[in-house]
Amino acid sequence: MKLADVALPVPVPRAFTYEVPSALEGVAPGARVVCPFGARAITGVVLAVREGEPPEKVRPIAKVLPISLPADLTSFLVELSQYYFAPIGEVFRLAMPPLDRETAESTIRAKSDTLGLFGDEEAKGLSAKKIQWAEPTAGTEEPSKLSAQARAVLAHLRAHGGYPVARLVEKWGNARAAIEKLSELGLVRVTTRDKEPDPFFDTTVPRDVPPVLNPAQEEATRAICAAVTAGDPRTFLLHGVTGSGKTEVYMRAIDAAKARGVGVIVLVPEISLTPQLVSRYRARFGDGVCVLHSALTARERYTMWSRLRAGEVDVAIGARSALFAPVKDLGLIVVDEEHDSSFKQEEGVRYHARDMAILRAFRRGGVCVLGSATPSLETVHLARTGKADKLVLAARARAQEMPAVEIVDMRRTGAGPTGDKKLTIPLHRAIEKTLEKKEQIILFLNRRGFSPSVRCHACGELVVCPNCSVALTFHKGRSRVVRCHYCDHEEPLLERCAKCKAPALELEGLGTEKLEETLAAAFPEAKVARLDRDVASGKAIERVIERVRSREVDVLVGTQMVTKGHDLPFVTLVGVINADAALSIPDFRAAERAFQLLVQVAGRAGRGDAPGRVVVQTYDPSHHALVFALQHDTEGFVERELRDRRELGYPPYSRMALVRIDAVDEEVAKGAAESVAATVRRATRGEVDVLGPAPAPIARVRGRFRFRVMLRAPDRKKLRPGLVAAAHVLEALPRNVRGVLDVDPVQLL
Ligand code: ADP
Ligand code: ZN
């Protein structure tokens, strides 16, 4: 009998076997097929077709859908699933067009479809201009009998004020069931609304004129284009300082790919933060690029998916998930800002899009370009060991000076006129001067909210989250509440301490909301705006950046969001309020991240004609990350950091994996983590370093205690038996314990 192994988007770590009926004889790997599954029908992807003895109760494939996945994508996904020990169905889910997911879910939920939300929007006659929108009702109570997913959806809606249903379904598989339940409880309302115009498909983007390359760009372009044209599967590290014109090099590489008739994927960090970056590709290539971003409806995604698959469009641009675009005859993958941590997915399939981009391009015989001003040490190591070719753009594109960086030692420097110690005299004066010159300012502070913590000054008690082991942040704008940044728990700020009843609660520390208020008061003539997750999702982010670009705003205050690749020519001053926050994180990559952050944020200054200046405030001015950032000395930093990593046996000189265990009960979680550690130790007999279990740095989140077991070995091959053993124990965990294996972890928190 002819049998097919099919990956189905269900969280089971294996493929399913179906009969290939004779009418569907031609079915091949990559085919999208509809299969009976219990009482339902699900769309999956064929992995292999073979002759064989049918297992008991084999059922036939019901239907083959017209468009298949490209063969190279299919085999790449299988390899990815093996690399990360991730369930094959969940991996394929990442690459299936969204309507498949919806169709699958619609069949699953067809009977309870009371809201008429589910499934094929086209069939339901919903016009492409309309979307389903879910928003929270006025209630703020914490419902008791809700599933974890429903609670997460509710928290998300409350945090965002509303969200497209299709996007929620992408985040949480069962979001529709959750929304149904929440709307029954009167906590959520679902409406149909007009779709916002697509910011990336504003067809009025005027075409640009390609600039003449400078010699460094010329040289880098020549090397990359030669490989693209020859179909030579090389990896390049394009190390170019901020503003050196890396994008121009990527665009020339895309030209070469187009000329050869091969497809391209461009991965960029968090696309909604850099709409202007994307519009540069649109200005160059017009409708020849398709932008995959989170504001698209499932239908639009499907359209793009099929146009890419057919080769009608040959360039896909997007955040990490664009790695799975079904680009025809893929010949080039560009990873812009390759050091950015958003390329690592931190839920579900925990893949790293940069690492997998190298693999996908290589398997396909394509070129991979990793670009950054602050390359990750992993990528630097690839270049040093001959696995990547390094190209350098050492100066800014139009020969502007790099900004001058000065360090303010906060131990010796007093508060400026505002009286706030976090706005020192030198920074205050620098702001004044910049405003006088009618130039713009970016101030970076990685704490959102008004005050990061609230403490009782009578008894010393901190106001903490009931679900997580963290302090609650005071948010003034949102009707004076304290909120948890881990679980979104919110409560009103009380007049008195809950413990000792004294009316002595005091706000501690400085958040972006307070900084914005302080600046507005100190510089009443200046327009101050703020960019962080509280102000901004999608459209709102773009509006803020647009206001800065059009010089409506003088001072932009914000979190990490302000450090990303914005090209704002009138920003001449960048202030880093507290550089120590990034340095004090308990993670072996803390120095690397702090260095990257400082160089990137500094890189926002002086990109136009006027020279830039950067003021960094710190209590630890001799830290090597600061000292090297001050001198724009990436090579020096890398040298020093690699030496430390080698001595301590950390990546890139070793490979790691993290087993994350959590449970409501602390002892249960700890016990499970201990058994994981013991099993892996036994199975690997000292070949793999097993560290822990140890409580996670934030020991409890969303009511669950978290433990970690770290595995480490000199290389991937030696680590593998440890991964096999860990994956094995994790499958057999009791139901009340959650465990995940994070291979090549980035986030240790
Ligand atoms: P990076 O991505 O390396 O930070 P960008 O690609 O944003 O740098 O380039 C910085 C600025 O320099 C952009 O405004 C870009 O249009 C401009 N630019 C790039 N290459 C050239 C060139 N060869 N001549 C003139 N301007 C250029
Ligand atoms: Zn919490």
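Asker: Explain the overall build of the protein chain to me, please; I cannot follow it from the model alone.
Answerer: Looking only at helices and strands, one finds 21 helices and 30 strands in the protein chain. Relative to a compact globule of 749 residues, whose C-alpha radius of gyration would be 27 Å, the protein chain shows 26 Å and is just as compact. Principal-axis analysis of the C-alpha atoms gives the protein chain an extent of 85 × 70 × 60 Å. In the protein chain, which comprises 749 residues, the share counted as buried stands at 54%. Nonlocal contacts in the protein chain, meaning residues at least 24 apart in sequence, comprise 74% of its contacts between residues at least 6 apart. As displayed, the protein chain offers around 31800 Å² of accessible surface, 52% of which is attributable to carbon and sulfur atoms. Computing the positive centroid from 107 side-chain charges and the negative centroid from 94, the protein chain places the two 2 Å apart.

Asker: Sorry, what's going on with the site of ligand 1 here?
Answerer: Taken together, 17 residues are adjacent to ligand 1, and Val212, Gln217, Gly243, Lys246 and Asp567 come closest. At 3.1 Å, a side-chain N or O of threonine 247 approaches an oxygen atom of ligand 1. In the model, an oxygen atom of ligand 1 is placed 2.9 Å from a nitrogen or oxygen of the aspartate 567 side chain. Looking at the shell around ligand 1 residue by residue, the classes come out as five nonpolar, seven polar and five charged.

Asker: Would you take a moment to explain the packing of aromatic side chains for this structure?
Answerer: A ring pair, where both rings are aromatic, is described by two values, the distance of the centres and the angle of the planes. For the structure on display, the rule yields nine aromatic pairs. On the numbers, 4.2 Å between centres and 5° between planes, the contact of phenylalanine 595 with phenylalanine 637 is stacked. Taken together, the residues phenylalanine 595 in helix 17 (residues 590-602) and phenylalanine 637 in helix 19 (residues 634-648) connect sequence positions 42 residues apart. Residue phenylalanine 595 shares its accessibility class with phenylalanine 637, and that shared class is buried. With relative accessibility at 2%, the residue phenylalanine 637 sits in the buried group. Within the aromatic cluster, the residues linked to one another by ring pairs are Phe76, Phe324 and Tyr351. Over the ring of phenylalanine 16 we find arginine 14; its NZ or CZ atom is 4.7 Å from the centre of that ring. Taking the ring centre of tyrosine 83 as reference, the NZ or CZ of arginine 716 above it sits at 3.8 Å.

Asker: Hey, could you run me through the side chain of arginine 350 in this one?
Answerer: By the element assignment, arginine 350 lies in the loop between strand 13 (330-336) and helix 11 (353-363). Taking relative accessible area as the criterion, arginine 350 reaches 14% and is therefore assigned buried. At a separation of 3.4 Å, a polar atom in the side chain of arginine 350 contacts the side chain of aspartate 742. Among residues more than four places away in sequence, those in contact with arginine 350 are Tyr84, Lys344, Gln345, Arg660, Val740, Leu741, Asp742 and Val743.

Asker: Mind showing me how you'd approach the coordination of the zinc ion (ligand 2) here?
Answerer: Coordination angles at a metal have ideal targets, namely 109.5 degrees for four tetrahedral donors and 90 or 180 degrees for six octahedral donors. In this structure, Cys465 (SG), Cys468 (SG), Cys484 (SG) and Cys487 (SG) serve as the protein donors to the zinc ion (ligand 2), at separations of 2.3 Å. Bound by four donor atoms, the zinc ion (ligand 2) shows angles of 104 to 113° at the metal and therefore tetrahedral coordination geometry. Motif for the zinc ion (ligand 2), donor spacing along one chain: C-x2-C-x15-C-x2-C. Residue cysteine 468 is located in the loop between strand 18 (453-456) and strand 19 (473-475), and its partner cysteine 484 is located in the loop between strand 20 (481-483) and strand 21 (490-492); the two are separated by 16 residues in the primary sequence.

Asker: Is there a simple way to explain the confidence of the model for the protein chain in this structure?
Answerer: Detailed reading of the predicted coordinates is not advisable wherever pLDDT is low. Mean pLDDT over the protein chain works out to 88, with 93% of the residues at or above the 70 mark. Confidence, expressed as mean pLDDT per element, reaches its minimum in the protein chain at helix 3 (residues 98-109) with 51 and its maximum at strand 14 (residues 367-372) with 98. Considering only residues more than four positions removed or in separate chains, one finds that residues 104-128, a stretch of pLDDT under 50, has 43 contacts.

Asker: Looking at this structure, I do not really get the pairing of strand 4 (residues 40-51). What am I missing?
Answerer: Consecutive residues of a regular strand have side chains that alternate between opposite faces of the sheet. Bridge count between strand 1 (residues 2-7) and strand 4: six bridges; the pairing is antiparallel. If you follow alanine 7 over to strand 4, its bridge partner there is valine 45. Alignment of strand 3 (residues 32-37) against strand 4, held across six bridges, turns out to be antiparallel. In the sheet register, proline 36 faces strand 4, and the bridge partner there is alanine 41. Count of turn residues in the strand 3/strand 4 antiparallel hairpin: two residues, of which glycine 38 carries a positive phi of about 60°.

Asker: Quick question: what am I supposed to make of unusual backbone geometry here?
Answerer: Leaving glycine aside, a negative phi is the common case for residues, and trans is the common case for peptide bonds. In this model, proline 651 is joined to proline 652 through a cis peptide bond whose omega is 10°. Within the secondary structure, proline 652 is located in the loop between helix 19 and strand 27 (655-663). For the bond running from glycine 692 to proline 693, omega is 15°, close enough to zero to count as cis. Residue aspartate 329 is not a glycine yet carries a positive backbone phi of 45°. The topology assignment puts aspartate 329 in the loop between strand 12 (315-318) and strand 13. Residue class for aspartate 329 comes out partly exposed when judged on its relative accessible area of 36%.

Asker: Any chance you could explain the pattern of salt bridges here in plain terms?
Answerer: Pairing between side chains of opposite charge can happen when their charged atoms approach one another. Tallying each qualifying case throughout the model produces 50 salt bridges. The residue arginine 364 makes a salt bridge to aspartate 72 at a minimum N-O spacing of 4.0 Å. Highlighted residues: arginine 364 in the loop between helix 11 and strand 14 and aspartate 72 in helix 1 (residues 71-84), separated in sequence by 292 residues. As a salt-bridge pair, glutamate 378 and arginine 589 come within 2.9 Å of each other at their nearest N and O atoms.

Asker: Would you take a moment to explain the sheet that holds strand 29 (residues 704-713) for this structure?
Answerer: Strand order in the open sheet formed by four strands is 28-29-27-30, with antiparallel pairing between adjacent strands. Pairing within the sheet leaves two strands with one partner each, and these edge strands are strand 28 (689-701) and strand 30 (738-743). With direction set aside, neighbouring strand axes in the sheet form an average angle of 20°. Sheet topology note: the strand 27/strand 29 ladder contains nine bridges and is antiparallel.

Asker: Where do I start with a negative patch on the surface in this structure?
Answerer: Taken together, Asp665, Glu666, Glu667 and Glu674 make up a surface patch of like negative charges. Its place among the elements puts glutamate 674 in helix 20 (residues 666-684). For glutamate 674, a relative accessible area of 40% corresponds to the partly exposed category.

Asker: Got a minute to help me understand the environment of leucine 277 in this structure?
Answerer: Mapped onto the secondary structure, leucine 277 falls in helix 9 (residues 275-285). Residue classification places leucine 277 among the buried positions, given a relative accessible area of 11%. Once the C-alpha coordinates of leucine 277 and threonine 247 are considered, the two residues, 30 residues apart in sequence, prove to be 8.5 Å apart. Excluding anything up to four places from it in sequence, leucine 277 contacts Thr247, Val268 and Asp336.

About the cut-offs
The numbers attached to residues start from 1 for each chain and follow its sequence in the written order. Going through the entries in the order they are written, you letter the chains from A and number the ligands from 1. In view of the model being predicted, local features appear only for residues whose pLDDT reaches at least 70, and side-chain atom pairs are presented and counted only at 80 or more, with totals across whole chains, interfaces and linings using the full set of residues. Hydrogens and water molecules were not included; the side-chain quantities draw on all heavy atoms of the structure. Counting from the N terminus, the helices are the DSSP runs of H or I reaching at least four residues and the strands are the DSSP runs of E reaching at least two. Within these notes, the globule rule equals 2.2 Å times the number of residues to the 0.38 power, and the radius of gyration is based on C-alpha atoms. Residue exposure (1.4 Å probe, protein chains only): buried if accessible area is under 20% of the type maximum, exposed if over 50%, otherwise partly exposed. When checking whether two residues touch, look at their non-hydrogen atoms; a contact exists if any pair is within 4.5 Å. All accessible-area figures derive from a Shrake-Rupley calculation using a 1.4 Å probe, and residue coverage is judged against the displayed protein chains alone. His residues and chain termini do not enter the charge count, which takes Lys and Arg as positive and Asp and Glu as negative. To locate a charge, the coordinates of NZ of Lys, CZ of Arg, CG of Asp or CD of Glu are taken. Any residue with a heavy atom lying within 4 Å of a molecule or strand is counted as near it. In protein, a polar contact requires one atom able to donate a hydrogen and another able to accept it; more generally it is a pair of N or O atoms within 3.5 Å, and residues adjacent in sequence count only if both atoms are side-chain atoms. In this classification, Asp, Glu, Lys and Arg are treated as charged, Ala, Val, Leu, Ile, Met, Phe, Trp, Tyr, Cys and Pro as nonpolar, and every other residue, Gly included, as polar. Two rings belonging to Phe, Tyr or Trp (six-membered ring only in the last case) form a pair when the distance between their centres is within 6.5 Å. Interplanar angles under 30 degrees mark stacking, angles over 60 mark edge-to-face geometry, and anything in between is tilted. When the NZ atom of lysine or the CZ atom of arginine is within 6 Å of a ring's centre and also within 35 degrees of its normal, the charge is said to sit over that ring. Sites may look incomplete because water is not among the atoms; the donors themselves are N, O and S atoms within 2.8 Å of the metal, or within 3.2 Å for Na, K and Ca. Between 85 and 135 degrees for all angles marks four donors as tetrahedral; over 155 degrees for opposite donors together with 65 to 115 for all other angles marks four donors as square planar and six as octahedral; every other arrangement is irregular. The predictor's confidence in any single residue is recorded as pLDDT, a number from 0 to 100. One bridge is not enough; two strands pair if DSSP finds at least two bridges between them. By salt bridge we mean one thing: a side-chain nitrogen of Lys or Arg within 4 Å of a carboxyl oxygen of Asp or Glu. Interaxial angles span 0 to 180 degrees and are taken between N-to-C directions of axes, which are lines fitted to C-alpha atoms, for helices over the stretch in contact. The residues that make up patches have over 30% relative accessible area and no salt bridge, and they are joined within 9 Å when like-charged or within 5 Å when they are Val, Leu, Ile, Met, Phe, Trp or Tyr.

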